[in-house]
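These are the residues of each chain, in order.
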Amino acid sequence: MFFEPGKHKDHGFTFDPFKATISPRPIGWISTLDENGVTNLAPYSFFNAVSWAPPCVIFSSGSRKDGSPKDSQLNAEKTGEFVCNIVGAAQAKQMNETAIHFPHGTDEMQHAGLEGLPSQYVKPLRVKDAPVHLECKYLRTIDLPTESETARNCIVLGQVVGIHIDEKYVVDGRIDVTKYQPVGRLGYMDYCAVAETFEMNRPD
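Computed from a predicted structure; not experimentally measured.

(A) Examining the overall build of the chain more closely. Along the chain, the regular secondary structure elements total five helices and 14 strands. Here the C-alpha radius of gyration of the chain, 18 Å, is about what a compact globule of 204 residues would show, namely 17 Å. Seen through its principal axes, the chain has C-alpha atoms that stretch 55 × 50 × 35 Å. Considering only residue pairs separated by 6 or more positions, the chain has 60% of its internal contacts joining residues 24 or more positions apart. Placing the 20 positive and 26 negative side-chain charges of the chain at their respective mean positions leaves the two points 2 Å apart.

Written as structure tokens, this is what we have:
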């Protein structure tokens with residue numbers, strides 16, 4: 001079957017298949033502070049690591065209908081900081097609770113019954129029970145193409161300046177992801193959790 005993005009008629013799919021073709025996608029659970037010091041927490045499945053030395057991450061955010069940025073992007077740009085909390089299987093339901101579209105100034109961490117921990121180098125709180133936290137300094141925002149006359153698509157780039165790892169997930173000096181089972185986004189409303197891994201060395 002052939003599918004052309006942006007063409008929504010007579011393609012034979014019930015829903016646009018793009019997100020299902022690139023899966024699983026890791027989830028960046030982004031915590032920021034607004035101008036009044038209120039915590040914002042939201043999950044982004046368009047998220048990933050993009051470099052190693054120094055380590056940098058991206059999360060991609062759509063805008064509100066009028067083109068104004070969503071809170072995670074807005075707060076990161078204004079304060080220059082954010083934290084990426086990695087979602088384990090035990091946090092999946094609470095992560096989903098923070099995806100609700102609340103008005104600006106709502107504390108999603110509090111709404112989801114989550115506890116925050118202070119960070120080392122940045123001001124936004126970390127999610128206490130998340131297995132890994134990446135403290136990030138905001139680098140820049142890059143605009144992407146959009147099919148809307150008003151809404152925007154953006155990539156937010158951050159440099160990782162501190163990493164917290166729950167020690168109970170470290171085995172023989174390595175992180176054992178099968179112990180916290182990181183959650184990934186698939187297509188549609190489907191998710192997965194990493195329960196097993198396999199290893200392959202490079203041929204050279």
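Having seen it, we continue.
(B) Quick look at the sheet that holds strand β14 (residues 191–193). Spatial strand order, β1-β13-β14: three strands in an open sheet with antiparallel pairing. Of all strands in the sheet, those with a lone pairing partner are β1 (25–26) and β14, marking the two edges. Both strand β13 (residues 183–185) and β14 contribute to a ladder of three bridges, which runs antiparallel. In the sheet register, G184 faces β14, and the bridge partner there is C192.

(C) Spotlight on the environment of G113. Mapped onto the secondary structure, G113 falls in the loop between α4 (108–111) and β7 (116–117). With a relative accessible area of 59%, G113 lands in the exposed category.

(D) A look at unusual backbone geometry. Put simply, S23 and P24 share a cis peptide bond, and its omega is 0°. The amide bond that connects A53 to the next residue, P54, takes the cis arrangement and shows omega of 5°. Along the chain, the position of P54 falls in the loop between β4 (47–52) and β5 (55–62). Of note, Q181 is a non-glycine position whose phi angle comes to about 50°, a positive value.

(E) Spatial organisation of empty space enclosed by the protein. Using the criterion set out here, one finds one cavity of 30 Å³ or more in the structure. Considering only enclosed or pocket space, the largest cavity measures out at about 40 Å³ in volume. Around the largest cavity, the lining residues are D34, V38, T39, N40, D71, N75, H104, G105, T106 and E108. Breaking the lining of the largest cavity down by element, the ones donating at least two residues are β3 (39–44) and α2 (71–79). The residue makeup of the lining of the largest cavity, split by class, is one nonpolar, six polar and three charged.

(F) Looking closely at the layout of surface pockets. In this structure, the largest pocket occupies an estimated 1,300 Å³ of space. In terms of lining residues, the largest pocket is bounded by 43 residues, among which K19, F46, S60, G62 and K70 are the most central. Elements with a minimum of two residues in the lining of the largest pocket: α1 (18–21), β3, β5, α2 and α3 (92–97). Computed from the structure, the second largest pocket encloses a volume of approximately 550 Å³. Mapped onto the lining of the second largest pocket, the elements with two or more residues apiece are β1, β4, β5, β9 (132–144), β10 (153–165), α5 (177–180) and β13. Partitioning the lining of the second largest pocket into residue classes produces 23 nonpolar, three polar and one charged.

Each value, and the rule that gives it
Residues numbered from 1 in each chain as written. Predicted model: local features only at pLDDT ≥ 70, side-chain atom pairs only at ≥ 80, totals over all residues. Heavy atoms only, no water. Helix = DSSP H or I, 4+ residues; strand = E, 2+ residues; numbered from the N terminus. Rg over C-alpha atoms; globule rule 2.2 N^0.38 Å. Contact = heavy atoms within 4.5 Å. Lys, Arg positive; Asp, Glu negative; His and termini not counted. Charge placed at Lys NZ, Arg CZ, Asp CG, Glu CD. Pairing = 2+ DSSP bridges. Buried < 20%, exposed > 50% of the residue type's maximum accessible area, 1.4 Å probe, protein only. 1 Å grid on protein atoms, 1.4 Å probe; cavity = no way out; pocket = protein on both sides within 12 Å on 5 of 7 lines; lining within 4 Å. Points joined across faces, edges and corners; volume = space filled by probe spheres on them. Nonpolar A, V, L, I, M, F, W, Y, C, P; charged D, E, K, R; others polar.

Honestly, it's all geometry; don't read function into it.
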